[in-house]
Every structure is written in C-alpha cells, then in structure tokens.
Amino acid sequence: MISIAIDGPSGAGKSTMAKIIAKENGFIYLDTGAMYRAFALHVLNNNYSIDEINNDIVKELYDSFSLDIQYVEDKQQMILNNENVSNRIRTPEVSLAASRIATLPAVREYFVKMQREFAKNKNVVMDGRDIGSNVLKDADVKIFLTAAVEDRARRRFEELREKGNTEVTFEEVLEDMKLRDKIDSSREIAPLTKAEDAVEINTTGLEIEQSLELIRKVIKEKLCGF
Ligand code: DC
C-alpha cells in the first residue's frame with residue numbers, strides 16, 4: 001500500500017493539490033482537518049465555549065459524537081451525527097475552534113488513531129499538519145507545502161467570497177490565518193512541522209498547475225526513483 005502525506009499551514013493549497021493527486025493516481029483522499037473541524041462543530045453545538053474546553057469535557061463529548069466519512073463524486077462528505085456538515089465546518093468560527101481544540105491531547109489521540117485506521121490497507125493521500133511527522137511516519141512520499149501568509153489569506157478570502165460570504169474582510173482573514181499559524185505551530189503535541197524527510201514546496205505566486213507539476217515530480221522521484 002502506498003501513502004502520500006501532504007502537510008503545511010492553512011491555505012497553502014494542500015486540499016486542492018491532494019484531491020487532484022489522489023484522483024490522478026486512483027488513491028483515496030483524506031482531509032484530516034475536516035475531522036478536527038467536525039469535532040469543533042460538535043463542541044460548539046453542545047454550547048461549550050472554546051475557552052472552557054478541556055480533556056475531561058472532550059472525553060464526555062465523544063459519547064454523543066459519531067462521524068461518518070463518505071465520498072460523493074470523489075468529494076469527501078463529513079456526516080456528524082447523521083447530518084451532512086461539510087459546508088457548516090468551513091466557517092471562520094469553526095476554523096479557529098478547530099485549531100484550538102486540536103491542541104488537546106485527548107483530541108489528538110482520538111483522531112490520530114482514526115486516521116491510522118483509515119490508512120490501513122488503502123492507497124491514500126492524506127493532508128493535514130502532522131501526517132508526515134506523526135500520523136504516517138512511514139509514508140512513501142512526504143510533501144510540506146508552504147506559501148507566504150498574505151498569499152494564503154488571499155486564496156482563503158477569495159474562496160469565502162465565492163461561497164457567498166461578503167461580510168468578512170481580507171484583513172480579518174489575514175489576522176485569523178496568522179493566529180491559526182501560531183496555534184498550530186506552537187502546540188506541544190504534534191505541532192505543524194516539516195518532517196525531516198519531507199520535501200518542501202513553496203507555492204507563493206504559483207498557479208495550481210505549476211504547483212501540481214512540482215508535486216508530481218516529487219512523487220515520481222520517490223515512487224519510481226527518477
Ligand atoms: O486543514 P484545516 O485548516 O481544515 O484544519 C483545521 C484545523 O485542524 C487546523 O487549524 C489545525 C487542525 N489540524 C491538526 O491539528 N492536525 C491535522 N492533521 C489537521 C488539522
């Protein structure tokens with residue numbers, strides 16, 4: 001079985017690239033951030049504020065948490081307690097909440113286990129923050145995707161606009177991204193970090209196709225040796 005890990009900060013283009021690479025190779029794609037987002041939504045649905053959440057509350061909340069991952073026309077669908085929340089988990093509020101709850105050991109333990117189970121007996125492309133450095137340490141290909149924070153914020157801002165969110169400003173998205181970068185990189189357990197054997201690709205100023213070409217080249221080198 002072959003596994004490809006794509007890590008990096010938010011907005012670097014991980015999910016866009018990972019989806020295409022998975023499709024081209026007939027692999028299954030798993031967006032691990034969506035799992036943390038679904039759990040963050042579950043926390044908010046239960047009227048907990050992110051500031052009061054701790055490992056004990058998290059463990060209690062697992063009793064009422066069921067997550068099903070389905071694929072419709074290759075698109076990953078997140079089903080939280082029988083509700084399709086794939087759109088609801090993409091709001092700025094859930095983004096920040098996900099980043100915060102993902103620092104808790106009880107949360108990381110639970111989802112890392114689920115992600116490893118998922119990768120068993122499958123060819124996968126998994127994207128996240130700690131896939132190459134922790135979840136799939138033996139991944140065949142490890143890519144660390146980065147881009148300047150302004151570039152990443154601009155992409156996220158345009159995405160939100162396309163989805164009809166006209167309230168949020170570019171400055172707000174940029175500030176949010178800087179805050180999430182800080183939380184994701186400074187947490188104690190499995191912080192966002194480039195695995196020693198990962199290949200770093202900086203997508204600042206690149207079009208999707210240009211970034212994809214760089215990724216395809218790394219995959220070919222790692223899997224075919226040329
Ligand atoms: O990739 P994303 O922006 O959808 O992820 C949402 C949050 O989930 C992110 O801010 C940090 C957390 N996350 C994580 O801690 N580990 C992962 N493998 C993926 C995401």
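Everything below is about the structure shown above.
Along every chain, residues carry numbers that run from 1 in the direction the sequence is written. Selection of residues for local features in this predicted model requires a pLDDT of at least 70, selection of side-chain atom pairs for listing and counting requires 80 or more, and totals for whole chains, interfaces and linings are taken over all residues. Neither water nor hydrogens contribute to the side-chain values; these are computed over all heavy atoms in the structure.

J.: What should I look at first to understand the overall build of the protein chain in this one?
T.: The helix and strand labels rest on DSSP assignments: H or I over at least four residues marks a helix, E over at least two residues marks a strand, and numbering proceeds from the N terminus. In terms of regular secondary structure, the protein chain is built from 9 helices and 8 strands. Here the globule rule reads 2.2 Å times residues to the power 0.38, and the radius of gyration is calculated from C-alpha atoms. For the protein chain, the C-alpha radius of gyration of 17 Å lies close to 17 Å, the compact-globule estimate for 226 residues. Dimensions of the protein chain, computed from C-alpha atoms along their principal axes, come out at roughly 55 × 40 × 35 Å. Contact between two residues is taken to exist if any of their heavy atoms lie within 4.5 Å; hydrogens are not considered. If you take every contact in the protein chain between residues at least 6 apart in sequence, the share linking residues at least 24 apart comes to 73%. Within the protein chain, one finds 32 positive and 39 negative side-chain charges whose respective centroids are separated by 3 Å. By the counting scheme adopted, Arg and Lys are positive, Glu and Asp are negative, and His together with the chain ends is not counted. Positions of charges follow a simple convention, taking NZ of Lys, CZ of Arg, CG of Asp or CD of Glu.

J.: Mind showing me how you'd approach the packing of aromatic side chains here?
T.: Given two aromatic rings, their pairing is described by the distance between the two centres and the angle made by the two planes. Here a Phe, Tyr or Trp ring, Trp counted by its six-membered ring, pairs with any other such ring whose centre lies within 6.5 Å, and the pair is stacked when the planes are under 30 degrees apart, edge-to-face when over 60, and tilted otherwise. Under the defined criterion, the tally for this structure stands at 10 aromatic pairs. Seen from their ring centres, Phe157 and Phe170 are 6.0 Å apart, and the 85° between their planes marks the pair as edge-to-face. Linking Phe157 in helix α7 (residues 149–162) with Phe170 in helix α8 (residues 170–186), this pair joins segments that are 13 residues apart in sequence. Per-residue accessibility, obtained with a 1.4 Å probe over protein chains only, is compared with the maximum for each type, and a residue is labelled buried under 20%, exposed over 50%, and partly exposed between these values. The class of Phe170 is partly exposed, set by a relative accessible area of 26%. Feature note: the residues Tyr36, Phe39, Tyr62, Phe65, Tyr110 and Phe111 constitute an aromatic cluster, connected by ring pairs. Taking NZ or CZ as reference, Lys122 lies 4.4 Å from the ring centre of Phe118, over its face. Definition used: whenever NZ (Lys) or CZ (Arg) falls within 6 Å of the ring centre and also within 35 degrees of the ring normal, the charge is taken to sit over that ring.

J.: Help me out: how do you make sense of the nonpolar core in this one?
T.: It is characteristic of soluble globular proteins that their nonpolar side chains tend to be buried jointly. If you look at the biggest cluster of nonpolar residues, it comprises 41 residues, and the most contacted ones within it are Phe39, Val107 and Phe111. Every element with two or more residues in this core is listed here: α2 (33–45), α3 (55–62), β4 (75–80), α4 (92–101), α5 (105–119), β6 (124–128) and α6 (131–135). Apart from residues no more than four positions distant in its own chain, Val107 is found in contact with Tyr36, Phe39, Val58, Tyr62, Ile101 and Ala102. The next biggest cluster of nonpolar side chains, apart from the first, holds 18 residues, and it includes Ile4, Ile6, Val218 and Ile219. By convention a nonpolar core is built from buried Ala, Val, Leu, Ile, Met, Phe, Trp, Tyr and Cys residues, the set being connected through side-chain atoms within 4.5 Å.

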